[in-house]
Structures are given as structure tokens and as C-alpha cells.
Amino acid sequence: MPYRICKTIDIENGHMLSKHPDKCRFPHGHTRKVEFVVEADELDDNEMVCDFKVIKESIEDYLETLDHAICMNTDDPAYADFKERYGDRVIGFASQDPTTEVMAKVIHDAFNERLTGYADSEGGRYPLRNSVRVVRVRVWETATSWAEYSQGDNHD
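The paragraphs below set out a description of the structure included in this document. Here, residues in each chain are numbered from 1, in the same order as that chain's written sequence. For a predicted model such as this one, the threshold for reporting local features is a pLDDT of at least 70, and the threshold for listing and counting side-chain atom pairs is 80 or more; totals across whole chains, interfaces and linings nevertheless cover every residue. Excluding hydrogens and water, the side-chain figures rest on all heavy atoms present in the structure.

## As for the packing of aromatic side chains
Heads up, the condition is: Think of it this way: a Phe, Tyr or Trp ring, Trp meaning its six-membered ring, pairs with another when their centres are within 6.5 Å, and the plane angle makes it stacked under 30 degrees, edge-to-face over 60, tilted otherwise. Charges are assigned to positions over rings by a cutoff of 6 Å between ring centre and Lys NZ or Arg CZ, combined with an angular limit of 35 degrees from the ring normal.
Summed over the entire model, instances satisfying the criterion amount to three aromatic pairs. The ring of Trp140 is capped by Lys33, whose NZ or CZ atom sits 4.8 Å from the centre of that ring.

## Thoughts on the pattern of salt bridges
Our working rule: Here a salt bridge means any side-chain nitrogen of Lys or Arg lying within 4 Å of a carboxyl oxygen belonging to Asp or Glu. In this text, helices come from DSSP runs of H or I with a minimum length of four residues, and strands from runs of E with a minimum of two, each type numbered from the N-terminal end. A 1.4 Å probe rolled over the protein chains alone gives each residue an accessible area, and that area as a share of the maximum for its type sets the label: buried under 20%, exposed over 50%, partly exposed in between.
Here the structure, examined in full by the defined rule, presents 10 salt bridges. For Glu39, the salt bridge is made with Arg133, and the minimal N-O distance between the two is 3.1 Å. Taken as a pair, Glu39 in strand β2 (residues 28-40) and Arg133 in strand β5 (residues 133-142) lie far apart in primary sequence, 94 residues in all. The buried category is assigned to Glu39, whose relative accessible area is 3%. Residue Arg133 is classed as partly exposed on the basis of its relative accessible area, which comes to 25%. For Lys105, the salt bridge goes to Asp109, with nearest N and O atoms at 2.6 Å. Placement of the pair is Lys105 and Asp109 together in helix α3 (residues 100-120), with a separation of four residues, close to one helical turn. Relative accessible area serves as the criterion here: at 35%, Lys105 is assigned to the partly exposed category. Residues joined in a network through salt bridges with shared partners are Arg4, Glu39, Asp41 and Arg133.

## A word on the pairing of strand β3 (residues 69-73)
Stated formally: Two strands pair under a simple rule: DSSP has to find at least two bridges between them. Here is how to tell: hold the view so the strands point away, follow the path from the first strand over the helix to the second, and if it runs clockwise the crossover is right-handed.
Most of β3 sits inside the fold, with five of its five residues counted as buried. Residue alternation in β3 divides its side chains into two sets, Ala69, Cys71 and Asn73 and Ile70 and Met72, and both sets are buried. With three bridges connecting them, strand β1 (residues 3-15) and β3 associate as parallel partners. Pairing of Gly14 across the sheet is with Ile70, part of β3. Bridge count between β3 and strand β4 (residues 90-93): four bridges; the pairing is parallel. Opposite Ile70, over in β4, you have Val90 as the bridge partner. Read as a crossover between parallel neighbours, the route from β3 over helix α2 (residues 79-86) to β4 is right-handed.

In C-alpha cells, the structure reads:
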């Protein structure tokens, strides 16, 4: 069984779900806890899967784009107005509602790409082996509700 570690990072984020039949179609926000789980079959020379700072450093710039931003379906009639008013604080999701499930996949894919780039970079402060794999990204919408995305056969 592989070794696993998890790092959580909190962001403040809003969204509008234009397809929702109730209150969620209106702008609203969440304090989201995002969990990043990675694994390796063996520990490194420091007896770690990797340093927790690797996770934070590889994804923090991306999460900053979502922090204090509102995520919207680009097909929402209000999208163009919001984008004009608030610029880069409005994140468009092409023809889909930015549900927590959709956000978990988008964050997972960004994390996977950035973690691979971190491993391939030279001279990083914290070492990261190419054998470290992303298991899943879990996004908490509330204290009692979350969605997660995992790829391949790295399931619990």
C-alpha cells in the first residue's frame, strides 16, 4: 500500500449555478477547504512522500485566481456584465455551471499539471520525485458537503 499525505488550503470563493432551480442560481459564496492528496510507493531520502510545502507552492498561484472570485457559467445572461464590472475576479466556466464537482475536477487538473511541472523543474528548494502521484482533490463547499475528483485507479 502506498504512503499518502494530504494538504488542505482554504479559499473564499463564490459561484452562481444558473441551471439550479432554487437559491443557488443567485450569487453566493463559500469558505472552501480544498484537500490535495498525493501518494508514493516509497518514501524519499527525508522519509517523506514529499514536503507539504511542495503542494502549497505548486498550487498557490492557481488558487489565488479563485480566491475572492465568483465562478459563473459563460452562458449565464449576467456573465458578460459581471466580467465587464469585475474583470479577473469573474472566472468563466465554458457552458457549464461551476458546481463543486466541476470545480474539484478543474482544480485537480491544474494541480496535476503544476505538480508535474514542479517535479520536472531544476533547483527547487524542496525535492519532488516523479513517482509522487495525485490521488484526489476534494473540495468542501460547506462543513458537511464536499465533492472530489480522482483520475485513474488511484481510488481509496
